[in-house]
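Report on the structure
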Amino acid sequence: MSLPTPRPGILNIPIYQVGESKISGFSKVIKLASNEAALGPSPKAEQALANAIGHLEKYPDGAAVELRKTIAKTHGVEFENVICGAGSDEILALLCRAYAGEGDEIIHTRHAFLMFGIYANSVGATPIMTPETELTADIDKILEAVTPRTRLVFLANPNNPTGTCLPSSEITRLRQELREDIVLVLDGAYAEFVEADNYESGLDLARSTQNTVATRTFSKIYGLASLRLGWAYGPKHIIDALERLRSPFNVSVPAQVAGLAALEDQEHIAKAKAHNSKWRDIAIQRLRGLGLKVGETHANFILPEFPAEKGKSAADADAYLKSKGIIVRRVDGYGLPNYLRITIGNDEEMERVLEELTVFLEQSGA
Ligand SMILES: *Cc1c(COP(=O)(O)O)cnc(C)c1O
C-alpha cells in the first residue's frame, strides 16, 4: 500500500517565508519587515472590536452585508459587486480556483508578490514570469507572454516588493490589448498610499470592463492584518463565481465590525498616508545622501540597493540591523539579493532605523 499523495505539483510549492518577528537576546524588537501599519488601526476599530465581544457562539453574517455596504459607500462602488475574504489573499486564491487549473498559465511579473505564483501552483497552473524594466512592470512583456493557455494576469499596482507603480493609461492599455477571456487582477493592497495623480487603483476598470477584478486589503494602511480581511470588486459574473467557491463564513465577526469602523474613520487613514509620505521621503533622501541607490516607491516601504561587496552588502546591513534589534526584510526570495525592503514605521522606529543604517554605512564605507 502506498501513502496518500497530494496532487501533482503541490509538494513543489515553496512554503511562504513570513517576515521574522523575534531576535534571540532582544525582548523588544523593531519590526519593519511585513508592511504593517506604522500607526496601527483606527482607535474606533479597536473600540468596535471590544464592543463586539460576547456571543462568540454565533456565526457571522456570511454575506457580510453591513461591511460590504460600507465598503461600497466609501469607495463609490456597487455593493452587489463586492466580495469579502479572509485577507485579499483568500480572494487571489479563489480567482485561481475559479479560472485556472492543470495546464493553464497565470502571468505575473519578475519581482511580483510571491503569493501569485504560489496560488497558481496550488491549482496545478503554471506561473509565467515576465521581465520588468527598472523594477517596473512592463506591459509589452506581459502581452508577449500571453498564450492560448493564459487564464489570468496578476498585477499588484503598486507592486510589492519593488514599490513601483504604473499610470492608469498603461493599465488601461494592458486591458485593451489582453484577450477578452483573460481575467486581469489588479491587486491594490497599497492603493491608499499612492500620491501620483495619474494613478487609478483598478476600481474604474473593474466597473467598465467585464474581465477585470480589483482587490483591496485591510492589512496595510487600515492596520488590521491580524484580523484577515480583504475584498474584491468586479463584474457580477466573476463575483458570482467566487461566491460559489468561498466558504460560507469566511470573514469573522471581529473582522467585519472592526473593518466597518475602520472604514468610517477616514481621518485616521489620511493621517496614516501623510505620515507614510513624510517618512518615505525623509528615508529616501537620507539613504541617497549616504550613497545608496534608492528608487521612488509608492507604498509603505522603501527598497534601498546595497553594493554587492562583502562588508557592504544587503546581507551585511541586515545582520547589522538585527544585531541592534531591528528586523527588515531581505528579498532574495524575490530575486533581489542586493536590496532590503524596509517598512515605514512610526516616528521612533524611523529615527532608530535611519540612525543605525547611517552608522552601518559610515563604518562599512559603502
Ligand atoms: C500585503 C499584500 C496583500 C495583502 O494580503 P492580505 O491577505 O489582505 O493580508 C496583497 N497583495 C500584496 C501585493 C501585498 O503586499
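Details of the structure are given in the entry above.
These remarks concern the structure in this document. Treat the numbers as computed from the prediction; the structure is a model and nothing was measured.

1. Describing unusual backbone geometry
- Here N157 and P158 are connected by a cis peptide whose omega angle stands at 0°.
- Structurally, P158 can be placed in the loop between β7 (150-156) and α6 (168-177).
- With an omega dihedral of 15°, the bond running from N160 to P161 counts as a cis peptide bond.
- Along the chain, P161 turns up in the loop between β7 and α6.
- For N35, which is not glycine, the phi dihedral falls at a positive 60°.
- Along the chain, N35 falls in the loop between β1 (30-31) and α1 (43-51).
- At E134, a position not held by glycine, the phi torsion is positive, near 50°.
- Relative to the helices and strands, E134 is located in the loop between β5 (132-133) and β6 (136-137).

2. Focus: the environment of A241
- Turning to its location among the elements, A241 is positioned in helix α8 (residues 236-245).
- Residues A241 and Y99, 142 residues apart in the sequence, show an inter-C-alpha distance of 9.1 Å.

3. Quick notes on the site of the ligand
- Around the ligand, a shell composed of 13 residues is seen, among which D187, T217, S219, K220 and R228 lie nearest.
- Backbone polar atom of D89 to an oxygen atom of the ligand: 3.0 Å apart, as the coordinates give it.
- K220 is positioned with one of its side-chain polar atoms (N or O) 3.2 Å from an oxygen atom of the ligand.
- Taken by itself the ligand offers 390 Å² of open surface, and the protein chains cover 93% of this.
- Residue classes in the shell around the ligand are distributed as four nonpolar, five polar and four charged.

4. With respect to the packing of aromatic side chains
- Throughout the structure, instances matching the rule amount to seven aromatic pairs.
- Relative to Y222, the ring of F218 lies with its centre 5.0 Å away and its plane at 50°, an arrangement referred to as tilted.
- A relative accessible area of 1% means that F218 is categorised as buried.
- Judged by centre distance (5.7 Å) and plane angle (40°), the ring pair of Y320 and F360 falls under tilted. Note that Y320 is positioned in helix α11 (residues 314-323) and F360 in helix α12 (residues 347-364), a separation of 40 residues in sequence. Each member of the pair Y320 and F360 is classed as buried.
- One aromatic cluster in this structure is built from F113, F116 and F154.
- Over the aromatic face of F79 sits the side chain of K69, whose NZ or CZ is 5.7 Å from the ring centroid.
- Seen from the ring of F301, R341 lies directly overhead, with NZ or CZ sitting 5.8 Å from the centre.

Calculation rules
- Residues numbered from 1 in each chain as written.
- Predicted model: local features only at pLDDT ≥ 70, side-chain atom pairs only at ≥ 80, totals over all residues.
- Heavy atoms only, no water.
- Helix = DSSP H or I, 4+ residues; strand = E, 2+ residues; numbered from the N terminus.
- Near = heavy atom within 4 Å.
- Polar contact = N/O pair within 3.5 Å; in protein donor to acceptor, adjacent residues only side chain to side chain.
- Areas by Shrake-Rupley, 256 points an atom, 1.4 Å probe, with all protein chains shown as cover.
- Nonpolar A, V, L, I, M, F, W, Y, C, P; charged D, E, K, R; others polar.
- Phe/Tyr/Trp six-rings, centres within 6.5 Å; stacked < 30°, edge-to-face > 60°.
- Buried < 20%, exposed > 50% of the residue type's maximum accessible area, 1.4 Å probe, protein only.
- Lys NZ or Arg CZ within 6 Å of the ring centre and 35° of its normal.

All we've got here are geometric facts, nothing functional implied.
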